[in-house]
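Okay, here's what each chain looks like letter by letter:
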Amino acid sequence: MYPDQNSRSAGLYKKACRVMPGGNTRSGVFHDPYPIYVANGSGARIVDVDGIEYLDFTNNGSALIHGHVHPAIVDAVTKQVQKGASFASSTEIEVQLAEFLSSRVPSIEHIRFTNSGTEAVMMAIKAARAYTGRPKIAKVEGAYHGSYDYAQISLDSSPENWGEDIPASVPASRGTPQGVLADVIILPFNDTEKARQILASCSSQLAGVLIDPVPNRAGLIPASHDYLSMLRDFTRQSGAVLILDEVITFRLGYGGVQGKCGITPDLTTLGKIIGGGFPVGAVGGNAAVMSVFDPSRGKPAVPHDGTFNANPVTMAAGLAAMELMTPEVYDRLDMLGERVRSDLNEAFALSGQLGQVTGVGSLFKIHMKKTQITDYRSAYPSQDQIRRFDNLYQYLLNHGVLIPSGPRVSSLSTVMTDQDLDHLQQTVLAGLR
Ligand code: PMP
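Every value quoted in this text rests on a predicted model; they were computed, and no experiment measured them. (Residues numbered from 1 in each chain as written. Predicted model: local features only at pLDDT ≥ 70, side-chain atom pairs only at ≥ 80, totals over all residues. Heavy atoms only, no water.)

Caption draft 1: Fine view of the nonpolar core. One finds F57, L101, F113, I274, I366 and L412 to be the most contacted residues of the largest nonpolar core, which totals 65 residues. Counting residues per element, this core draws most heavily on helix α12 (residues 312-323), which supplies 8 residues. Counting contributing residues per domain, this core is built from domain 1 (36-70 + 327-432) and domain 2 (71-323), each supplying no fewer than three. Dropping the residues within four chain positions of it, F113 is found in contact with E94, L97, A98, L101, I274, G281, A282, H304, N309, A310 and M315. In terms of nonpolar packing, the next biggest core, distinct from the first, is built from 35 residues, A218, L242, V257 and Y376 among them. (Core = buried A, V, L, I, M, F, W, Y, C linked by side-chain atoms within 4.5 Å. Buried < 20%, exposed > 50% of the residue type's maximum accessible area, 1.4 Å probe, protein only. Helix = DSSP H or I, 4+ residues; strand = E, 2+ residues; numbered from the N terminus. Domains from an automatic or database assignment. Contact = heavy atoms within 4.5 Å.)

Written as structure tokens, this is what we have:
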């Protein structure tokens, strides 16, 4: 049973603490008193170093849309590794993945690859500044966009510092320069009128608006069409760049969320599923804005380098993963997602515990509260809700089901079955009782 100080995971954590701060190199995977250490995965399941198997609803932060060790991806990667892992040269497979993504997303005329979603967002923000010659970026309160200073502002603000009427620019990292805080404008989520007023007050300084259309930390509910249209209209009129962060939401539709909602951003950031489980990110969009990266006519407005950008192993894995994503596969994932949300909401109702499950398509999130969730503030958990969620997390862990601990998003993979979802519902119900 977790926690067990005699387990191999606990032992590895003790060793890790000697060589890494808090034994950790990725804050989100830490769990008190120690995280489990994974030995291997296959399909929808992973096995930890103590030989315990879990049904995996983390899918590495939603990146593994086909679960673990998918044969088509293993095959593509194996063939590529035998030809070479990375070169300081362009490769054919990078052109193929670029063509593939551009053909699925009409707003992506030109694209560049990075090694993470963080870098993709960073390059998008830099492109917006270079293209407009303006300094400020607006983002939604509580929304997560990776670890770039500007993208982190107000990521984890709290009732003590989030401000009354107008959301405050709150640093996530100690030491964030004042200049960064001053250049990041925070918008309330889905409050179209208030967001418009805030944008209007800084429009001549505004380089871009960064928006995730289903921001996990703002409750994992979709941005309303009204809200997105206002952001589109406002940025178009004021000359700012609209950046749609589809690092997670690209798994929600054949052409991402933008393919469904009819909003055409100037730039899109991608990551996660387009790398087939390997490190990846991409920024793409309208050719005029993307030309800030163009090195063919001398020094580009925004120099963009990276030893592993578009490395062929990631490109091969990504193309193999994405080619499997046909419209029928998205439809099936959507159906499974509907089922999970209704199953788990039913489990809350049957157990008598306060809670609800939000999400869209193959993404879901458990909240230990019944009150309506509309944004970051209404999703913000109390200490008691955090404690009850931890209890449920630990119960699931001890009964072979892994969901993300803390505020991260749960996700489905294409290899999951109805039996897997039965198991999830039964275990959650037992855990709530
Ligand atoms: N944007 C969004 C919406 C994300 O959810 C994430 C990561 N979960 C990122 C950007 C950053 O991606 P990465 O972890 O690959 O740096």
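Next comes the rest of the account.
Caption draft 2: Representation of the sheet that holds strand β11 (residues 356-358) within the structure. Read across the open sheet, the 3 strands follow the order β11-β12-β14; overall the sheet is antiparallel. The open sheet is flanked by β11 and β14 (410-411), the only strands paired with a single partner. (Pairing = 2+ DSSP bridges.)

Caption draft 3: The site of the ligand, seen in detail. Around the ligand, the structure places S116, G117, T118, Y144, H145, G146, D212, D245, V247, I248 and K272. Contact distances for the ligand include 2.7 Å between a nitrogen atom and a side-chain N or O atom of D245. One of the side-chain N or O atoms of K272 is found 2.8 Å from a nitrogen atom in the ligand. Protein coverage of the free-state accessible area of the ligand, which is 390 Å², stands at 81%. Split into classes, the residues belonging to the shell around the ligand amount to 3 nonpolar, 5 polar and 3 charged. (Near = heavy atom within 4 Å. Polar contact = N/O pair within 3.5 Å; in protein donor to acceptor, adjacent residues only side chain to side chain. Areas by Shrake-Rupley, 256 points an atom, 1.4 Å probe, with all protein chains shown as cover. Nonpolar A, V, L, I, M, F, W, Y, C, P; charged D, E, K, R; others polar.)

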